[in-house]
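Observations on the three-dimensional arrangement
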Amino acid sequence: MRESSNGFLYPFVELEKCTRCGRCVESCHVVKKKELTLSPLKEPLAFAAKNLDKSILGLSSSGGVFTALAASVLRGLGAVYGAAFNDRFELEHIRITSESELGKLRGSKYLQSRISASYSRIHDDLANGLKILFVGTPCQTGGLLHFLGKDHHNLLLVDLICHGVPSPKLWRNYKEYQEKKYRSRLSAVNFREKSAGWRSFEVAFKFQNGKEVRKPYRNDIYYSLFLANVGLRSSCHTCIYKSIKRNSDITLGDFWGIEHVHPEVENRYGVSAVIVHSSKGMESIRMIEGSLSMKETCVDAIVKYNSSAIHSAVRPSLERSRALVLEASAFDACAFKSILRRIHWNTNMLRLRRKLSRVLLFSHGGCGFLKGNS
């Protein structure tokens, strides 16, 4: 894998070592996308769930279901693979074998992670009979399944309802910007600090000099760029995995809108949306249901309030803004705030034009009075 000028990782072939066996193409989930899920259910099952342990719930981004799944695998002497920050705050997939390490994997991290040697290590672990849980974005779980060539009874694949992945370069520049601003190295970051509640979560930073900074997520520039789809990988705007049907056993995400669908469910500190795709996934959920508060629901209820499950991130209304953000050699807070203002203004004007178009079209009997780009 090589990093592009925009900071994204892309595969490349070392031609001097290539034997032209074609295995790289055959195992590529983009070139050779095929259904490989073991024992798929006729229709996916959906649940609203949250961890009964309030301390775990508070530390989790949504309902703490991942922690319950991971703990179950680890207690069975298996291994869990997920995304964690290293000492330089670069995001990479790591392997853990004890519950004491779960904190490294818990919580959302909004950038692309490096898979590194994880796929190869999982191949070896499976060959040795270990139970494995892998959690990642849909493209990462799809990539693993195609790398292995088949599913395995001792492999539990969990993917996420993914909005998209920002550039590691953008994150790197933002981290350096924060370190200069607070005159200290970063020691911890939490993108979903929930002490103020799940819906009012904050972005929290800790620095080696003891300084702690928390701000509402909408006031954080990096997070605002993420929500505005600025700085995402190009493929995130045309994602091939945007579907209810997945090459995974379980899909996890936030159950936004739970108060409208199931108002009886207490949700101040988060509720997970759980979509089960396979019999193996259902068996895993049954094994942990004693540690969860669960309510069966329908997939449509989840998708209604979390459309990222089936829709790709829309490209920014001003495409040049995306290029400016990705090409920047340093994080420029003033410039990026200006970009966000322009995108929001342009988006709001586009929405207004569409509303006016519908009103005018209706008032003229729907006879095509409006033409052009309206």
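As a reminder, the structure under discussion sits directly above these lines.
Residues numbered from 1 in each chain as written. Predicted model: local features only at pLDDT ≥ 70, side-chain atom pairs only at ≥ 80, totals over all residues. Heavy atoms only, no water.

Quick notes on the packing of helix 5 (residues 118-127) against helix 6 (residues 138-148)
It is at 10 Å that the axes of helix 5 and helix 6 come closest, and there the two elements cross at 55 degrees. When the axes of helix 5 and helix 6 are compared, the pair comes out oblique. The crossing of helix 5 and helix 6 is right-handed. Residues Y119, S120, I122, H123 and L126 of helix 5 form the contact with helix 6, whose own contacting residues are Q140, G143, L144, F147 and L148. Partitioning the contact of helix 5 with helix 6 into residue classes produces 6 nonpolar, 4 polar and no charged. (Axes fitted to C-alpha atoms, helices over the stretch in contact; angles between N-to-C directions. Helix = DSSP H or I, 4+ residues; strand = E, 2+ residues; numbered from the N terminus. Parallel < 35°, antiparallel > 145°, perpendicular 65-115°, else oblique. Left-handed = near helix turned anticlockwise from the far one by under 90°. Contact = heavy atoms within 4.5 Å. Nonpolar A, V, L, I, M, F, W, Y, C, P; charged D, E, K, R; others polar.)

Here's the deal with unusual backbone geometry
Working note: non-glycine residues mostly have negative phi, and peptide bonds are mostly trans. Positioned with a positive phi, S116 is a non-glycine residue whose angle comes to about 55 degrees. Here S116 lies in the loop between helix 4 (102-105) and helix 5. Despite not being glycine, R183 shows a phi value in the positive range, around 55 degrees. Along the chain, R183 falls in the loop between helix 7 (168-182) and strand 8 (186-193). For R183, a relative accessible area of 76% corresponds to the exposed category. (Buried < 20%, exposed > 50% of the residue type's maximum accessible area, 1.4 Å probe, protein only.)

A look at the layout of surface pockets
By volume, the second largest pocket amounts to about 830 Å³. The wall of the second largest pocket is formed by 33 residues, among which G58, L59, R106, N190 and E193 lie closest to the centre. Contributions of two or more residues to the lining of the second largest pocket are made by strand 3 (40-51), helix 2 (54-59), helix 4, strand 8, strand 9 (202-207) and strand 10 (212-216). Its residues assigned to classes, the lining of the second largest pocket shows 12 nonpolar, 10 polar and 11 charged. (1 Å grid on protein atoms, 1.4 Å probe; cavity = no way out; pocket = protein on both sides within 12 Å on 5 of 7 lines; lining within 4 Å. Points joined across faces, edges and corners; volume = space filled by probe spheres on them.)

Let's talk about the sheet that holds strand 5 (residues 91-96)
With respect to topology, 8 strands assemble into an open sheet ordered 5-4-6-7-11-12-3-13, the strand pairing being mixed. Because the sheet does not close on itself, it has two edges, and the strands there are strand 5 and strand 13 (292-297). Strand-to-strand twist in this sheet, taken as the mean axis angle between neighbours without regard to direction, amounts to 25 degrees. Looking at chain direction, strand 4 (residues 79-85) and strand 5 are connected through 6 bridges and run antiparallel. Its bridge partner lying in strand 5, F85 is registered against L91. In the packing of helix 3 (residues 65-75) onto the sheet, contacts are made with strand 3, strand 4, strand 5, strand 6 (132-136), strand 7 (155-160), strand 11 (250-254), strand 12 (272-278) and strand 13, and the angle to strand 4 comes to roughly 135 degrees. Lying over the sheet, helix 6 contacts strand 5, strand 6 and strand 7, oriented at roughly 150 degrees with respect to strand 7. (Pairing = 2+ DSSP bridges.)

Describing a nonpolar patch on the surface
A cluster of nonpolar side chains, V25, V30, V31 and I240, forms an exposed patch at the surface whose accessible area comes to about 340 Å². Mapped onto the secondary structure, V30 falls in the loop between helix 1 (23-26) and strand 3. Note on V30: relative accessible area 54%, which makes it exposed. (Patch = residues over 30% accessible without salt bridge, like charges linked within 9 Å, V, L, I, M, F, W, Y side chains within 5 Å. Areas by Shrake-Rupley, 256 points an atom, 1.4 Å probe, with all protein chains shown as cover. Salt bridge = Lys/Arg side-chain N within 4 Å of Asp/Glu carboxyl O.)

Some remarks on the environment of G253
Note that G253 resides in strand 11. A residue is classified by how much of its surface remains accessible, and G253, at 12% relative accessible area, is buried. If we skip the residues at most four places from it in the chain, G253 touches S62, I161, V271, S272 and A273.

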